[in-house]
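Observations on chain architecture
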Amino acid sequence: ERKQAQTQLARHRDTLEQEVQARTQQLQEDIRARKQAEEALRRSESALRRLHEITTSADLDFQGKLRELLNMGCEHFELTTGLFSRIHEKSYEIVEVVSPDARFVKGGLMSIKDTFCQVVLASRGTVAIKDIGQSAYRDLPVVQHMGLETDFGSAVQVAGDIHGTLFFFSTSRRETPFSSVDKDILQLVAQWIGEEIERRNTQD
């Protein structure tokens with residue numbers, strides 16, 4: 001009976017240790033997830049605060065605000081290039097760009113065909129791809145030519161019609177998916193640009 005009791009006690013001790021280890025691991029994961037959520041919230045609040053500061057600044061004209069919004073987006077989304085373009089029939093004109101890549105220049109014209117601009121126009125919404133190489137768009141000429149790995153873009157509408165596109169992208173793959181808050185921030189920037197262009201058109 002003593003041996004049986006000792007065996008049961010040893011078995012219970014082993015089971016208890018496993019339960020403690022599993023619970024400890026779960027708690028660590030919960031703490032890590034909470035810290036990540038708090039960091040994401042802090043970054044989102046910072047981006048929204050910056051968005052408000054830029055759009056209400058009396059020291060910046062429209063072009064200056066546009067450039068600062070692209071800078072803010074690149075920083076928040078952790079992507080290297082921000083670009084706002086005006087759509088023409090079969091091409092788009094780069095209105096403003098922030099990029100280390102000299103191939104993207106303000107005033108430059110590029111073909112819409114076989115680009116992510118065409119994808120956004122077709123969907124009239126948001127395109128969010130964190131790993132282009134594993135997506136259905138990996139064979140697009142723009143991907144092959146520029147080596148793009150991450151793309152995040154939205155249509156910009158003026159008076160209900162698509163006026164242009166707002167894109168942030170990078171040649172490096174993003175580790176985490178774009179969150180719903182990221183998409184909200186992107187859409188807020190695109191919405192402000194569209195409304196500001198409409199206001200300026202009405203004023204003119």
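Rules of the game
Residues numbered from 1 in each chain as written. Predicted model: local features only at pLDDT ≥ 70, side-chain atom pairs only at ≥ 80, totals over all residues. Heavy atoms only, no water. Helix = DSSP H or I, 4+ residues; strand = E, 2+ residues; numbered from the N terminus. Buried < 20%, exposed > 50% of the residue type's maximum accessible area, 1.4 Å probe, protein only. Core = buried A, V, L, I, M, F, W, Y, C linked by side-chain atoms within 4.5 Å. Contact = heavy atoms within 4.5 Å. pLDDT = per-residue confidence, 0-100. Pairing = 2+ DSSP bridges. Salt bridge = Lys/Arg side-chain N within 4 Å of Asp/Glu carboxyl O. Phe/Tyr/Trp six-rings, centres within 6.5 Å; stacked < 30°, edge-to-face > 60°. Lys NZ or Arg CZ within 6 Å of the ring centre and 35° of its normal.

Structural notes on unusual backbone geometry
Although it is not a glycine, E78 adopts a positive phi angle of roughly 60 degrees. Looking at where E78 falls in the secondary structure, it is placed in the loop between α2 (62–77) and β1 (81–87). Phi is positive for A159, close to 55 degrees, though the residue is something other than glycine. By secondary structure assignment, the location of A159 is in the loop between β5 (150–158) and β6 (161–170). A relative accessible area of 55% places A159 in the exposed class.

Things to note about the nonpolar core
Core analysis: the largest hydrophobic core is formed by 26 residues, its most contacted members being F77, L166, F168 and I193. Every element with two or more residues in this core is listed here: α1 (2–55), α2, β5, β6 and α5 (180–203). Setting aside residues no more than four positions away along its own chain, I193 makes contact with F62, L66, F84, V156 and L166. Core analysis: the second largest hydrophobic core is formed by 22 residues, I87, L140, L148 and F169 among them.

Re the confidence of the model for the protein
Confidence in the prediction of the protein, expressed as mean pLDDT, is 85, and 100% of residues score 70 or more. Per-element confidence in the protein ranges from a low mean pLDDT of 76 for helix α4 (residues 141–146) to a high of 94 for α2.

A short note on the pairing of β5
Within a regular beta strand, the side chains point alternately toward one face of the sheet and then the other, so they alternate between its two faces. Of all 9 residues making up β5, 8 are buried, and the element is well covered by its neighbours. Where strand β4 (residues 126–129) and β5 come together, 4 bridges link them in antiparallel fashion. Paired with I129 across the strands is D151, a residue of β5. Looking at chain direction, β5 and β6 are connected through 9 bridges and run antiparallel. Paired with G153 across the two strands is F167, which belongs to β6.

Some words on the pattern of salt bridges
Here the structure, examined in full by the defined rule, presents 9 salt bridges. For R173, the salt bridge goes to D131, with nearest N and O atoms at 3.8 Å. Taken together, the residues span a long stretch of sequence, with R173 in the loop between β6 and α5 and D131 in the loop between β4 and α4 at a distance of 42 residues. Of the charged contacts in the structure, one is a salt bridge between R199 and E196, with a shortest N-O distance of 2.6 Å. Taken as a pair, R199 and E196 lie in helix α5 at a separation of 3 residues, close to a single helical turn. For E196, a relative accessible area of 14% corresponds to the buried category.

Brief notes about the packing of aromatic side chains
The relative placement of two aromatic rings is captured by the distance of their centres and the angle of their planes. By the definition in use, this model includes 5 aromatic pairs. Ring geometry for F77 and F152: centres 4.9 Å apart, planes at 85 degrees, overall edge-to-face. Of this pair, F77 sits in helix α2 while F152 is found in strand β5, placing the two residues 75 residues apart along the sequence. Of the two residues examined, F77 and F152, each falls in the buried class. One aromatic cluster in this structure is built from F77, F152, F168 and F178. The lysine or arginine in question, R174, covers the ring of F178, its NZ or CZ lying 4.2 Å from the ring centre.

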